Amino acid sequence: MKESATAVPESAARQPAIRVHNIEKSYKQLHVLRGVDFEVRPGSVFALLGSNGAGKTTLIKILSTLLKADAGTAVVNGFDVRTDPLRVRESISLTGQFAAVDEILSGRENLILVAGLRHIRQPGQVADELLERFNLTDAGSRRVATYSGGMRRRLDIAMSLIGQPKVIFLDEPTTGLDPKARLDVWKVVSELTDAGTTVLLTTQYLEEAEYLADRIAILHQGRIIANGTLAELKELLPPATVEYVKKQPSLEEIFLALVGEDTSDETTSGARP
Ligand SMILES: Nc1ncnc2c1ncn2[C@@H]1O[C@H](COP(=O)(O)OP(=O)(O)O)[C@@H](O)[C@H]1O
Ligand SMILES: [Mg+2]
């Protein structure tokens with residue numbers, strides 16, 4: 001399908017914010033993505049769930065134009081990542097697993113720096129609003145080097161909001177954080193969509209997908225092997241009847257039932273004899 005390269009179509013609001021069709025990517029012999037398909041509704045949180053090495057970052061890099069796919073199409077905010085990478089970049093932000101904050105600068109200075117790069121008027125005011133929103137006002141004038149992991153990640157997400165991107169990619173936003181910091185990041189992410197922002201996040205944590213996402217897709221062996229709301233995914237497994245009490249399957253049980261035949265690779269469950 002062809003997308004207009006000059007303007008977002010009027011009906012854009014009803015079109016998917018992200019459309020991924022048959023994306024393939026190999027690194028030499030390693031066929032990482034083998035035909036990935038999904039769509040993300042505007043203003044929703046979509047979780048891409050997969051084990052370490054499943055190809056989540058590879059896909060995020062393709063969608064944010066940092067990497068070219070070998071085959072397939074991806075359209076973000078109505079713009080094709082292959083033919084219109086500049087427009088895609090203007091309408092997205094990307095927060096990686098490793099925070100992109102400058103350690104030497106304070107939190108406030110980091111925000112002002114990014115606001116300046118994006119030609120925002122009144123960068124100081126924007127910085128102060130974001131510090132407040134992300135509960136960093138007290139730490140705002142301190143060097144980032146003194147921040148905890150959770151504070152850095154919050155600052156990183158705050159920086160990614162400058163310029164009001166329509167689509168935000170969060171690549172494993174809570175990996176490496178302690179449970180308290182993880183909860184803080186969850187809170188921040190769950191508020192992002194209030195302003196109509198679309199969030200695509202990747203995670204290895206089932207409970208993170210369960211907590212945050214409107215829809216969850218499981219990436220396994222290069223393909224999306226399940227895609228739905230939590231309720232839909234739960235229907236993939238019938239409830240087990242234990243002593244006449246119906247027990248709903250957890251997302252973890254669904255995940256393991258779907259991918260469980262091969263726990264040989266990078267999966268960390270390690271429960272197999
Ligand atoms: N630049 C690269 N060159 C070669 N192999 C890579 C490269 N980047 C990633 N890989 C490999 O591709 C697979 C998928 O990686 P990645 O997309 O980072 O997975 P995930 O983010 O789900 O952990 C892994 O086996 C990884 O080692
Ligand atoms: Mg990754």
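How each quantity is defined
Every chain's residues receive numbers from 1 upward, in the order its sequence appears when written. Whichever chain is written first becomes A and whichever ligand is written first becomes 1, with later ones labelled in order. Local features in this predicted model are restricted to residues whose pLDDT is 70 or higher, and side-chain atom pairs enter the listing and the counts only when it is 80 or higher, whereas totals over whole chains, interfaces and linings include all residues. A run of H or I in DSSP becomes a helix once it reaches four residues, and a run of E becomes a strand once it reaches two; helices and strands are each numbered from the N terminus. For every residue, the other C-beta atoms within 10 Å of its own C-beta are counted; 20 or more classify it as buried, 12 or fewer as exposed, and values in between as partly exposed. C-beta atoms are placed from the backbone. Residues are treated as contacting if the C-beta atoms built from their backbones sit within 7 Å of each other. Whether two strands pair depends on DSSP finding at least two bridges between them. The axes are straight lines fitted to the C-alpha atoms, using for helices just the contacting stretch, and the angles between their N-to-C directions are given from 0 to 180°. For each residue, a C-beta atom is placed from the backbone, and the residue counts as near a molecule or strand when that atom lies within 6 Å of it. Here the term charged refers only to Asp, Glu, Lys and Arg, the term nonpolar to Ala, Val, Leu, Ile, Met, Phe, Trp, Tyr, Cys and Pro, and the term polar to all other amino acids, Gly among them. With respect to orientation, any angle under 35 degrees is reported as roughly parallel, any angle over 145 as roughly antiparallel, any angle of 65 to 115 as roughly perpendicular, and every other angle as oblique. In this scheme the crossing of two helices becomes right-handed for a clockwise turn of the near helix relative to the far one and left-handed for an anticlockwise turn of less than a right angle. Think of the arc as the fan of directions from the helix axis to the C-beta atoms.

(A) The arrangement of the overall build of the protein in detail. Summing up its helical and strand segments, the protein has 9 helices and 12 strands in all. Each of the 273 residues in the protein was classed as buried or not, and the buried ones make up 41%. A separation of at least 24 residues holds for 66% of the contacts in the protein among residues at least 6 apart in sequence.

(B) Spotlight on the sheet that holds strand β8 (residues 198–203). Strand order in the open sheet formed by 6 strands is β6-β7-β8-β3-β9-β10, with mixed pairing between adjacent strands. Bordering the open sheet on either side are β6 (92–95) and β10 (223–228), each of which pairs with just one other strand. Between one strand and the next, the sheet's axes are offset by a mean angle of 15°, whatever the strand orientation. Inspection of the sheet shows strand β3 (residues 45–49) paired to strand β9 (residues 215–220) by 4 bridges, in the parallel sense.

(C) Examining the site of ligand 1 more closely. Taken together, Tyr27, Leu30, Val32, Gly50, Asn52, Gly53, Ala54, Gly55, Lys56, Thr57 and Thr58 are the residues near ligand 1. Those elements giving two or more residues to the shell around ligand 1 turn out to be β2 (30–40) and α1 (56–63). Per element, the largest residue contribution to the shell around ligand 1 is 3 residues, and it comes from α1. Partitioned by chemical class, the residues of the shell around ligand 1 number 4 nonpolar, 6 polar and 1 charged.

(D) The arrangement of the pairing of β9 in detail. Within β9, 5 of the 6 residues are buried, which leaves the element mostly enclosed by the surrounding structure. Of the strand pairs in this sheet, β9 and β10 are connected by 5 bridges, and their pairing is antiparallel. Bridging from a neighbouring strand, Ile216 pairs with Gly228 of β10.

(E) Highlighting unusual backbone geometry. In this structure, Thr65 is a non-glycine residue whose phi angle is positive, near 70°. Exposure remark for Thr65: the 20 C-beta atoms within 10 Å place this residue in the buried category. The phi dihedral of His119 is positive, around 55°, even though this residue is not glycine. Note that His119 resides in the loop between α3 (107–117) and α4 (123–133).

(F) Spotlight on the packing of helix α5 (residues 149–161) against helix α6 (residues 179–192). Packing of α5 against α6 leaves a shortest axis separation of 9 Å and a crossing angle of 15°. One element, α5, and the other, α6, form an angle in the roughly parallel class. In this structure, the crossing between α5 and α6 has a hand that is right-handed. Judged by residue contacts, Gly149, Gly150, Arg153, Arg154 and Ile157 of α5 engage Lys180, Ala181, Asp184, Val185 and Val188 from α6.

(G) Up close: α4. Those residues of α4 that sit buried are Val126, Ala127, Leu130 and Leu131. Each buried residue of α4 lies within a common arc of 135° when the element is viewed along its axis, so the set occupies one face. When the buried face of α4 is taken as reference, the exposed residues oriented beyond 90 degrees from it are Gly124, Gln125 and Glu132. Against α3 and α5 lie the buried residues of α4.

(H) Representation of the sheet that holds strand β1 (residues 18–27) in the model. Ordered by their spatial adjacency, 4 strands build an open sheet running β2-β1-β4-β5, and the pairing between neighbours is antiparallel. Lying at the two open borders of the sheet, with one neighbouring strand each, are β2 and β5 (79–80). For strand β4 (residues 71–76) and β5, the ladder comprises 2 bridges, and the chain directions are antiparallel. Across the sheet, Val76 pairs through a bridge with Phe79, a residue of β5.

(I) Up close: the pairing of β3. Most of β3 sits out of view: 5 of its 5 residues are buried. Summarising the sheet, β3 and β8 pair through 5 bridges and their orientation is parallel. Along β8, the bridge assignment pairs Leu48 with Thr202.

Distances and angles like these do not, on their own, reveal function.
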